[in-house]
Amino acid sequence: MSDLEHFRAETRAWLAENCPASMCEPIGGFDDLYTGGRNPEVAHPDQQLWCERMAERGWTVPQWPREYGGGGLSKDQAKVLQQEMARIGARRPLESFGISMLGPALLKFGTQAQKQEHLPPICRGEIRWCQGYSEPNAGSDLASLQTRAEDHGDHYLINGQKIWTSYADKADWIFCLVRTDNSGSKHEGISFVLFDMASEGVTTRPIKLISGSSPFCETFFDNVRADKRNLVGEEGKGWAIAKYLLTHEREMISSFGAAPKQSPGDAALAAFGADASGRLNNGILRHTIAQYQLDALAFGATMSRVGDEAKAGQGLGAASSIFKYYGTELNKRRNELNLAIGGEQALGWEGDAYQGGATSRDWLRSKGNSIEGGTSEVQLNIVAKRVLGLPD
Amino acid sequence: MALVLTEEQVMLKESAAGLLAEKAGVAQLRALRDTDDALGFSPAVWRAVADMGWPGIAIPEAFGGLGYGYTGLGLVLEQAGRHLSPIPLQSTILVGATLINELGSEAQKQALLPALAAGELHISLALQESAQHAPERTALVAAADGVGYRLSGTKCLVLDALAAQQFVVIARTSGSVGETSGLTAFLVPASALGLSVERRSLVDSRGVGVVHLDNVQLSTDAVLGNVNEAWQGLSRTLDIANIGLASELLGLATQAFETTVEYLKERKQFGRVIGSFQGLAHRAAELFAELELARSLVLKALQAIDADDPQLPLLASAAKAKLCEVAQRATNEGIQMHGGVGMTDEYDIGLYIKRSRVAQHCFGDYNYHLDRFAQLSGF
């Protein structure tokens, strides 16, 4: 048996022993994801058990180094773990911005001490992070941010406002872009700092969205103290870190474009029926669905190809921008199809007759996908400039 | 299978690009067109291509080929698309040799494939009977006459018809129009009594013609494979042909796009390079994203041929439909973004849009394949 097959057998046995049956049930919705933190929201007690067991092996972040709480697995081993989890329908034990965004940035830019302090609690799901990027006047033009950090020797005092801070009201710590210097160009003088959201002077206010939910907040800083040991990278050089982290955020958001479980074609067949040749009984809708499914297939193949090329040491420049743009536009198309196929049922907002309005609320929420993490237009600017070399 | 090219495949792609750019590029296409060349390609150039072994890439080693698979042939076709190479690679290799390999008996393969692999034999498919691709609607009848068959009728869109020494004529030996059973493939020499080839001229200036069959008498030996049972092999050949054409369209669309982007960087209006205008830059960036998606789908489909993937029909229609869409957009945008000069014969972009539409049409266009994709997807 090869090493990898040995690992597979071991993994399969361990999962059978340790994954609670309830954690192999399909995920009901966003509320069903376990996000950890100091005051975790627990939809099912097994969530914590599952997270603890996986964290003990480092498998909440299988590929991070063991010394920081990760699993130290190779790409191939991580793939085996993923396959074995998929085989039994096991949920990921922990979903967090610490894992998907801050972690990769700290691994690349953090000091040894910073990694030792912040990564293990992320792996164990003990600290929940939020991202302090956008400001009321710095959206697409993120680098024009104005939240100030004043130098007070061993610490900074931070004043200003962030907006669209995901789950700021529930997060324990924030990774935040602040301006430490106003004298140079807008990309200079930005610093990347970490601080505790329980600090004095931090207030958050949830923003109610058109979907009815409030995943984002306005966040205010009034003389908030941030220790200098939590400055990541050099002072004033935070933009490079910010951009690196954004590529990880975009990959996460573009994964929303992945093909859904029930294809729109199947859903439409159930709603409209087919003619004698097996064609959907609505030629115009059929065409729109076929276009969507064709593009979803091509998008999926592109995600695989770029992954395989990265392994082979080849790379597509600005891939994350293309994925962010295309994946989110695809997701919006899918949600529009859900509305067309569902008709009156899909327009429900509340009540058991409409499953609480899940379809319409998802549809409304999807409109934000092509705005958050850099709008589609910003992604197209990046492709035009960096890949195609078109001038300003 | 990893969706990535091996080192060997990258080398093949580069050598194809080099030879085709030098010997079979846009300049050669213009020369053939402007001298009203009847064949539509240069036999000497085809000889050079054959010397590289490319006609035999996908032909099994047992029959004189390289056995390197369709992924390799697809890479050469992509380069042929980039350079609008006037060579009979599509007609005689992608379609002709594949048909023989899929439908032929052992003896027929032994007799024909080595010569095809060596680039010495040209075989073209005679299938289409009306303005639209509809293979199951084949009506041309091969009537059994005791000793063999008699064929009468007309086939259009026969690629490189004037170069072909033999045709594979698809005819109905039983059943009625619209049925997939009852079709038979016949090997018919161009010299057969009653067969005539009429040269036609399509917008892409490539060699093409109509084959007229007037009571052509054939012996039973002329049947390729089994009587009444051509559909399966024909259908698989058409899947492979469409993936090959998708490869060609990928190269064609990529080249048209890159030429257009270069123009956007050069042309100045209102005191600025026009590529700096967001109205153009965003359209170019969107097209780039579409081309990347198209590339993934073509590679996935090519690998499906070599892996004998049961999803082949779905992937073939997906790849062809997507590439029809993307190549149409790339060539349309190419002309629009070139402005007035895009309308001139002097600029190459016009040659790209012309070849694009013919390659799109051959063996089923966007509408045909998106409909088939939906059907194969179950709706």
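### Observations concerning the overall build of chain B
Assigned secondary structure in chain B consists of 11 helices and 10 strands. Taking 379 residues into account, the globule formula puts the C-alpha radius of gyration at 21 Å, and chain B, at 21 Å, falls close to it. A principal-axis box enclosing the C-alpha atoms of chain B has dimensions of 80 × 45 × 40 Å. Among the 379 residues that make up chain B, the fraction classed as buried is 53%. In chain B, the proportion of contacts linking residues at least 24 apart, taken out of those at least 6 apart, comes to 74%.

### Concerning the overall build of chain A
If you tally the helices and strands in chain A, you get 11 helices and eight strands. Computed over its C-alpha atoms, the radius of gyration of chain A comes to 22 Å, within 12% of the 21 Å expected for a compact globule of 392 residues. Among the 392 residues that make up chain A, the fraction classed as buried is 41%. Of the contacts made within chain A by residues no fewer than 6 positions apart, 70% connect residues no fewer than 24 positions apart.

### Describing the interface of chain A and chain B
Opposite the 39 residues of chain A that make contact, chain B presents 33 residues. Elements supplying a minimum of two residues to the side of chain A that touches chain B: α7 (264-272), α8 (283-311), α9 (319-342) and α11 (376-387) of chain A. Looking at the side of chain A that touches chain B residue by residue, the classes come out as 23 nonpolar, seven polar and nine charged.

### Side note on the domain arrangement of chain A
Here the domain parsing of chain A yields domain 1 (3-95), domain 2 (129-237) and domain 3 (258-387). Using only C-alpha atoms to locate each centre, domain 1 of chain A and domain 3 of chain A end up separated by 27 Å.

### Side note on the packing of α11(A) against helix α8 (residues 278-306) of chain B
Two elements in contact, α11(A) and α8(B), have axes separated by 8 Å at closest approach and are oriented at 85°. As summarised for this structure, α11(A) and α8(B) are arranged roughly perpendicular, according to the angle between their axes. Residues Glu377(A), Leu380(A), Val383(A), Ala384(A) and Val387(A) of α11(A) form the contact with α8(B), whose own contacting residues are Ala281(B), His282(B), Ala284(B), Ala285(B), Glu286(B), Phe288(B) and Ala289(B). Considering only residue class, the contact of α11(A) with α8(B) consists of nine nonpolar, one polar and two charged.

### Section: the nonpolar core
Note on soluble globular proteins: their nonpolar side chains tend to be buried together. In terms of nonpolar packing, the biggest core is built from 156 residues, with Val383(A), Phe186(B) and Ala284(B) touching the most fellow members. Top element by residues in this core is α8(B). It accounts for 17 residues. Contact partners of Ala284(B), with chain neighbours within four places excluded, come to Ala384(A), Leu388(A), Leu390(A), Val261(B) and Leu264(B). With 63 residues, the next largest nonpolar core counts Met23(A), Leu94(A), Ile158(A) and Met197(A) among its residues.

### Some words on unusual backbone geometry
Residue and element names in this part refer to chain B. Of note in the backbone geometry, Asn-228 takes a positive phi value of approximately 70° without being a glycine. Position of Asn-228 relative to the elements: it lies in the loop between β8 (223-224) and α7 (231-266). A residue is classified by how many C-beta atoms lie within 10 Å of it, and Asn-228, with 15 of them, is partly exposed. Within the chain, Phe-363 stands out as a residue other than glycine whose phi angle is a positive 60°. With respect to the element layout, Phe-363 can be found in the loop between α10 (349-361) and α11 (366-376).

### Some thoughts on helix α10 (residues 358-366) of chain A
Looking only at α10(A), the buried set comprises Ser360(A), Arg361(A), Trp363(A) and Ser366(A). Buried residues along α10(A) sit against α9 of chain A.

### Observations concerning the domain arrangement of chain B
Residues and elements named next belong to chain B. If you check the domain split of chain B, you get domain 1 (7-121), domain 2 (124-224) and domain 3 (231-376). Relative placement of domain 1 and domain 2: their C-alpha centres are 23 Å apart. Listed as interface residues are 18 residues of domain 1 and, on the opposing side, 14 residues of domain 2. For the side of domain 1 that touches domain 2, the secondary-structure elements that each account for two or more residues are α2 (26-34) and α5 (89-103). No other element matches the seven residues that α5 contributes to the side of domain 1 that touches domain 2. The residue inventory of the side of domain 1 that touches domain 2, partitioned by class, reads 10 nonpolar, seven polar and one charged.

### Examining the pairing of strand β1 (residues 129-132) of chain A
All names here are of chain A. Both faces of β1 are covered, namely the face carrying Trp-129 and Gln-131 and the face carrying Cys-130 and Gly-132. Relative to strand β4 (residues 173-179), β1 runs parallel, the two sharing four bridges. Its bridge partner being in β4, Trp-129 is matched across the sheet by Trp-173.

### Brief notes about the environment of Glu329(A)
Residue and element names in this part refer to chain A. Along the chain, Glu-329 falls in helix α9. Residue class for Glu-329 comes out buried when judged on the 20 C-beta atoms lying within 10 Å of it. Measuring from C-alpha to C-alpha, the distance between Glu-329 and Asp-392 comes to 25 Å, with 63 residues separating the pair along the chain. What Glu-329 contacts, discounting residues up to four positions off in sequence, is Ser-370 and Ser-376.

### A word on the pairing of strand β5 (residues 183-189) of chain B
A regular strand places its side chains so that they alternate between the two faces of the sheet. Residues and elements named next belong to chain B. Counting buried positions along β5 yields six of seven residues, so the element is predominantly enclosed. Sheet analysis places strand β4 (residues 166-172) next to β5, joined by seven bridges and oriented antiparallel. The residue bridging Val-169 from the neighbouring strand is Phe-186, located in β5.

### Let's talk about the environment of Leu84(B)
Residue and element names in this part refer to chain B. As for its placement among the helices and strands, Leu-84 is situated in the loop between α4 (70-82) and α5. On the basis of neighbour count, Leu-84 is assigned to the buried category, with 28 C-beta atoms found within 10 Å. Between the C-alpha atoms of Leu-84 and Gly-251, which are 167 residues apart in sequence, the distance is 8.9 Å. Excluding its chain neighbours within four sequence positions, the residues that come into contact with Leu-84 are Val-26, Leu-29, Leu-351, Tyr-352 and Arg-355.

### Some words on the packing of helix α1 (residues 7-23) of chain B against α4(B)
All names here are of chain B. Their axes nearest at 9 Å, the elements α1 and α4 cross at an angle of 30°. Our classification of the angle between α1 and α4 gives roughly parallel. Once α1 is placed against α4, the crossing between them reads as right-handed. Judged by residue contacts, Gln-9, Leu-12, Lys-13, Ala-16, Ala-17 and Leu-20 of α1 engage Thr-71, Gly-72, Leu-75, Val-76, Gln-79 and Ala-80 from α4. The residue makeup of the contact of α1 with α4, split by class, is seven nonpolar, four polar and one charged.

### A short note on the environment of Ser356(B)
All names here are of chain B. Residue position: Ser-356 is located in helix α10. Overall, the presence of 28 C-beta atoms within 10 Å leaves Ser-356 in the buried class. In this structure, the C-alpha to C-alpha distance between Ser-356 and Arg-272, residues 84 residues apart in sequence, is 31 Å.

### As for the confidence of the model for chain B
Low pLDDT means the predicted atomic positions in that stretch should not be read closely. Summarising the model, chain B shows a mean pLDDT of 97, and 100% of its residues fall at 70 or more. Here the predicted complex scores 0.89 on pTM and 0.95 on ipTM.

### Here's the deal with the confidence of the model for chain A
For chain A, mean pLDDT is 92; residues scoring 70 or higher make up 96% of the total. Mean pLDDT across the elements of chain A ranges from a minimum in helix α6 (residues 238-254) of chain A, with 84, to a maximum in strand β5 (residues 190-196) of chain A, with 98.

The rules behind the values
Residues numbered from 1 in each chain as written. Chains lettered and ligands numbered in written order. Predicted model: local features only at pLDDT ≥ 70, side-chain atom pairs only at ≥ 80, totals over all residues. Helix = DSSP H or I, 4+ residues; strand = E, 2+ residues; numbered from the N terminus. Rg over C-alpha atoms; globule rule 2.2 N^0.38 Å. Buried ≥ 20, exposed ≤ 12 C-beta atoms within 10 Å, placed from the backbone. Contact = placed C-beta atoms within 7 Å. Nonpolar A, V, L, I, M, F, W, Y, C, P; charged D, E, K, R; others polar. Domains from an automatic or database assignment. Axes fitted to C-alpha atoms, helices over the stretch in contact; angles between N-to-C directions. Parallel < 35°, antiparallel > 145°, perpendicular 65-115°, else oblique. Core = buried A, V, L, I, M, F, W, Y, C linked by C-beta atoms within 7 Å. Pairing = 2+ DSSP bridges. Left-handed = near helix turned anticlockwise from the far one by under 90°. pLDDT = per-residue confidence, 0-100.

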